[in-house]
Amino acid sequence: MMGWLDFLFRKKIAKTAFVKAYEALFAKNIPDQRPISQLSFTVLDTETTGLDVKKDYIVSFGAVKVKGYRLQLNQSKEVYLNTPIQKADALKVHEILYPIEISPLRDFAEDFLKYVSNDIIVGHHIGFDLGMLEKLLKQYGLRSLLNPVIDTQALAMRLEKGPHYDPRMGKRGEFALDALCERYGIALDDRHTAAGDAFLTAQLLMKLLKLAEQKGIRTYGALV
């Protein structure tokens, strides 16, 4: 009962100016006929204190832009956040130790929305990253991210196995990031850092977009 009361009387969070500016970018949708070569992608990854969206926090964020089948390395990003907690298990994976130069959460939120703009967001198992980012952004009035989204795992499954492929029928780990990078000849450098995994995923995206083109998928509408 208290849960419902909390919901009903919860104070509505006012939208910040940077959230309003972000939402205004989506007044028009991307035309379905726009060629893939003209699309802008933000490929991102997060490292977190754990795998529970409700209880855990983002430790670091990494991203790189892709446009015209090319990595925009001059627009890459790596940020460490002022995270409330640290966990020993997470430290074993991402090996981030404090103190380091960290970004206040509000600064990160504003910079992130400006950076991602109205690009197509790309990631591997991207649903978890989006959940963590939206949790952080809600305190500034954003209900949900509005960008189109591509998961490189799902895209690889679709291109290799067809649109009706059931992953339960495949080999365990066949479409994990490591396995896909090996299959497409991408060196596994700087793994398990946000910036490193974003860079690997961006390289994988470019390989998959070329494969999509070979299969006749050449426009935004066909891709998403």
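The rules we used
Residues numbered from 1 in each chain as written. Predicted model: local features only at pLDDT ≥ 70, side-chain atom pairs only at ≥ 80, totals over all residues. Heavy atoms only, no water. Helix = DSSP H or I, 4+ residues; strand = E, 2+ residues; numbered from the N terminus. Buried < 20%, exposed > 50% of the residue type's maximum accessible area, 1.4 Å probe, protein only. Contact = heavy atoms within 4.5 Å. Phe/Tyr/Trp six-rings, centres within 6.5 Å; stacked < 30°, edge-to-face > 60°. Core = buried A, V, L, I, M, F, W, Y, C linked by side-chain atoms within 4.5 Å. Pairing = 2+ DSSP bridges. Salt bridge = Lys/Arg side-chain N within 4 Å of Asp/Glu carboxyl O.

K.L.:
An account of the overall build of the protein is needed here, citing residue identities and associated values.
P.N.:
Looking only at helices and strands, the protein has nine helices and five strands in total. Sequence-ordered secondary structure for the protein, helices as α and strands as β, is α-α-β-β-β-α-α-β-α-β-α-α-α-α. Taking all 224 residues of the protein together, 43% fall into the buried category. Contacts spanning at least 24 positions in sequence make up 69% of the contacts within the protein whose residues lie at least 6 apart.

K.L.:
Which residues make up the packing of aromatic side chains, and what values go with them?
P.N.:
Using the criterion set out here, one finds six aromatic pairs in the structure. When the ring of F18 is compared with that of Y140, the centres are 5.9 Å apart and the planes differ by 50°; the resulting orientation is tilted. With F18 in helix 2 (residues 17-24) and Y140 in the loop between helix 5 (126-137) and strand 5 (149-151), this residue pair connects regions lying 122 residues apart in the sequence. Summarising the burial analysis for this pair, F18 and Y140 share the class buried. Judged by centre distance (5.3 Å) and plane angle (70°), the rings of F61 and F108 are edge-to-face.

K.L.:
Tell me about the nonpolar core, and please be specific about residues and values.
P.N.:
Among the nonpolar cores identified, the biggest contains 33 residues, and I36, L39, F41, I120, L205 and L223 are the most heavily contacted of them. Secondary-structure elements contributing two or more residues to this core are strand 1 (40-48), strand 2 (58-67), strand 4 (120-123), helix 6 (152-161), helix 7 (177-183), helix 8 (194-214) and helix 9 (220-223). In terms of nonpolar packing, the next biggest core, distinct from the first, is built from 26 residues, Y22, I121, L130 and M132 among them.

K.L.:
For the environment of V122, give the residues involved together with the corresponding values.
P.N.:
As for its placement among the helices and strands, V122 is situated in strand 4. A sequence separation of 79 residues divides V122 from T201, and the C-alpha atoms of the two residues are 8.1 Å apart. Excluding residues that lie within four positions of it along the chain, V122 makes contacts with F41, T42, V43, L44, I150, T152 and L205.

K.L.:
Break down the pairing of strand 3 (residues 70-80) for me, with residues and values.
P.N.:
Pairing of strand 2 with strand 3, which is carried by seven bridges, proceeds in the antiparallel orientation. In the sheet register, K65 faces strand 3, and the bridge partner there is Q72. Taking the residues that link successive antiparallel strands as the turn, the strand 2-strand 3 hairpin has two residues, and the phi of G68 there is positive, at about 60°.

K.L.:
Before we move on, could you go through the pattern of salt bridges and cite the residues and values that matter?
P.N.:
On inspection of all chains with the given rule, the structure shows eight salt bridges. The partner of E23 in a salt bridge is K15, and the shortest N-O contact between them spans 2.8 Å. A salt bridge links R191 to D178; the nearest nitrogen and oxygen atoms lie 2.4 Å apart. Within this pair, whereas R191 is found in the loop between helix 7 and helix 8, its partner D178 is found in helix 7, the two being separated by 13 residues in sequence. Under the relative-accessibility criterion, R191 is labelled partly exposed at 26%. Judged by its relative accessible area of 30%, D178 is partly exposed. When salt bridges that share partners are traced, they join D178, R191 and D197 into one network.

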